[in-house]
Amino acid sequence: MSTRSRILLALAALLIGLLYVLPIWSIDLEAPQYPEGIGMVIWINDITGAKPHDLGNINGLNHYIGMKEIVPEEVPELKIMPWLFAALIAFGLVAAATGKRWMLYTWVGVFVLVGIAGMADFWLWEYDYGHDLDPTAAIQVPGMSYQPPLIGSKQMLNITAHSWPAAGMIAALVSMLIGLAVAIMEFRQGRRDRSTEAASSESVASGMARSVPAVLAILVLLAGCQPEPRAIRYGEDVGAYCKMTISDARFGTELVTTTGKVYVFNSVECMASYVLAHDELEDQTHSLWVTAYDAPGELIPLDSAFFVRSLEVQSPMSGNLAAFGSGTTPEVARRQLGGEVLAWADVLELGDQLVQRGADHPEAAHASSAHRSDTAMDHSAGH
């Protein structure tokens, strides 16, 4: 609910409180024996005379024509109404505080039903009051009833009865009308809100539908830009570390960055040396790829590879390293080539030696490394 509606609802609920200090209904009688008139007043929890002795005088007149005596203590509605209207006041204030439309609608609905039920009950009370007559009454007129009017005036024998809502009932009616007005305003606002939401949803759906081709195009472009290796152009590509043309399809390797840039190398040891010499690539590296020794030209992820270092392997930079994928077991590769099986961490140690001894002159570093490796392996073979 809007702030204005909540304030009006709270005001409407508080107006009901006037029923506790103002009369609800008044019935006045004009009779020859009472030229100044007599009357009774109905309150939320009592019935009194308009003047100090009026209620007793009314009961005296009624006695002659057989009508029941009016005893406020015996009217059950006078015990119920204070609690009923207190509940309406409390519920209305809670609805105003929370601002929930369903509570507003419920409050108005209950208030209207209470009003209708109250008027119907009042009419039934008047009907019984005017029709259920004492058969032994002093004055009896066959077919005559003395039901007072619900609203307005009515002549009964030589008595004229006037029945009208009093100030408390008028305050309650104003309260109900305010509640109805607020409910109608909020109902219309709710419909406008739903229409706006529906239009917004339709607009969003339409916009989404129009944007689908663009989104698909973007996804295709993004898919095309995903970091991935490329085929090495043997005889054309130049190694990023040694600056030599890559020619042997059994040893080519690649480093792919997160932006999709690809660095190619002649061999595993070249790529290891390059990685160690460029610390800035640690956070920029997307993946590393090596060529399967037993499947020339086929790049495999470094994570699924293992390495064999053997004199039988004549790699381009004399590191004597061959890579194998999951299609070959380390045991089989070692039986075929001899030497030792290494992991990537072991390869990095070899690359670290190269970087320390000549990262600025990779060809010399590789040649030196190859000479030391061959010497060491020959020495090992001699023993």
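Before any of the text, the structure's been laid out above.
If you're wondering where the values come from, they're calculated on a predicted model, not measured in any experiment. (Residues numbered from 1 in each chain as written. Predicted model: local features only at pLDDT ≥ 70, side-chain atom pairs only at ≥ 80, totals over all residues. Heavy atoms only, no water.)

Q: Please explain the nonpolar core as it appears in this structure.
A: Inside soluble globular proteins, nonpolar side chains tend to come together where they are buried. Membership of the largest hydrophobic core comes to 47 residues, with the highest contact counts inside it found for Ile16, Ile47, Phe85, Trp107 and Phe111. Elements with a contribution of two residues or more to this core: α1 (3–15), β1 (25–31), β2 (34–42), α2 (54–65), α3 (77–98), α4 (101–131), β5 (159–165) and α5 (167–224). Here this core takes eight residues from α4, the largest share from any one element. Ranked by size, the runner-up nonpolar core spans 27 residues in total, among them Tyr241, Cys270, Leu281 and Leu350. (Core = buried A, V, L, I, M, F, W, Y, C linked by side-chain atoms within 4.5 Å. Buried < 20%, exposed > 50% of the residue type's maximum accessible area, 1.4 Å probe, protein only. Helix = DSSP H or I, 4+ residues; strand = E, 2+ residues; numbered from the N terminus.)

Q: Explanation requested: the sheet that holds strand β11 (residues 321–324) in the structure shown.
A: Backbone hydrogen bonds are what pair the strands of a sheet, in a parallel or an antiparallel way. Sheet architecture is open: three strands sit in the order β11-β10-β12, paired in antiparallel fashion. Edge positions in the sheet fall to β11 and β12 (340–342), since each of these pairs with one other strand and no more. Taken pair by pair, the neighbouring strands of this sheet meet at an average axis angle of 30 degrees, ignoring direction. Two strands pair when backbone bridges link them, and strand β10 (residues 306–309) and β12 are joined in this way by three bridges, in the antiparallel orientation. Considered in β12, the bridge of Val308 is made with Val341. Each of β10, β11 and β12 is contacted by helix α7 (residues 330–337), which is oriented at about 20 degrees to β10, the strand it contacts most. (Pairing = 2+ DSSP bridges. Axes fitted to C-alpha atoms, helices over the stretch in contact; angles between N-to-C directions. Contact = heavy atoms within 4.5 Å.)

Q: Would you explain the pairing of β1 in this entry?
A: The side chains of a regular strand alternate, residue by residue, between the two faces of the sheet. By the criterion of burial, β1 is predominantly enclosed, with five of the seven residues buried. As defined by bridge partners, β1 adjoins β2 across six bridges and the pair is classed as antiparallel. Across the sheet, Leu29 pairs through a bridge with Ile38, a residue of β2. Where β1 hands over to β2, the hairpin turn is made up of two residues, counted between the paired strands. Where β1 meets β5, six bridges bridge the pair, whose relative direction is antiparallel. Bridging from a neighbouring strand, Ile27 pairs with Ser163 of β5.

Q: Got a minute to help me understand the packing of α3 against α4 in this structure?
A: Two numbers describe a pair of packed helices, the interaxial angle and the distance between the axes. Contact geometry for α3 and α4: axes closest at 9 Å, N-to-C directions at 160 degrees. Here α3 is positioned roughly antiparallel relative to α4, judged by the angle of their axes. Like other packed secondary-structure pairs, α3 and α4 cross with a definite hand, here left-handed. The residues of α4 that touch α3, namely those facing Glu77, Leu84, Phe85, Leu88, Phe91, Gly92, Val94, Ala95 and Thr98, are Met103, Leu104, Thr106, Trp107, Val110, Phe111, Val114 and Asp121. Its residues assigned to classes, the contact of α3 with α4 shows twelve nonpolar, three polar and two charged. (Parallel < 35°, antiparallel > 145°, perpendicular 65-115°, else oblique. Left-handed = near helix turned anticlockwise from the far one by under 90°. Nonpolar A, V, L, I, M, F, W, Y, C, P; charged D, E, K, R; others polar.)

Q: For this particular structure, what's the right way to read helix α6 (residues 268–277)?
A: By the criterion of burial, α6 is predominantly enclosed, with seven of the ten residues buried. Listed in full, the buried residues belonging to α6 are Val268, Glu269, Cys270, Met271, Ala272, Ser273 and Tyr274.

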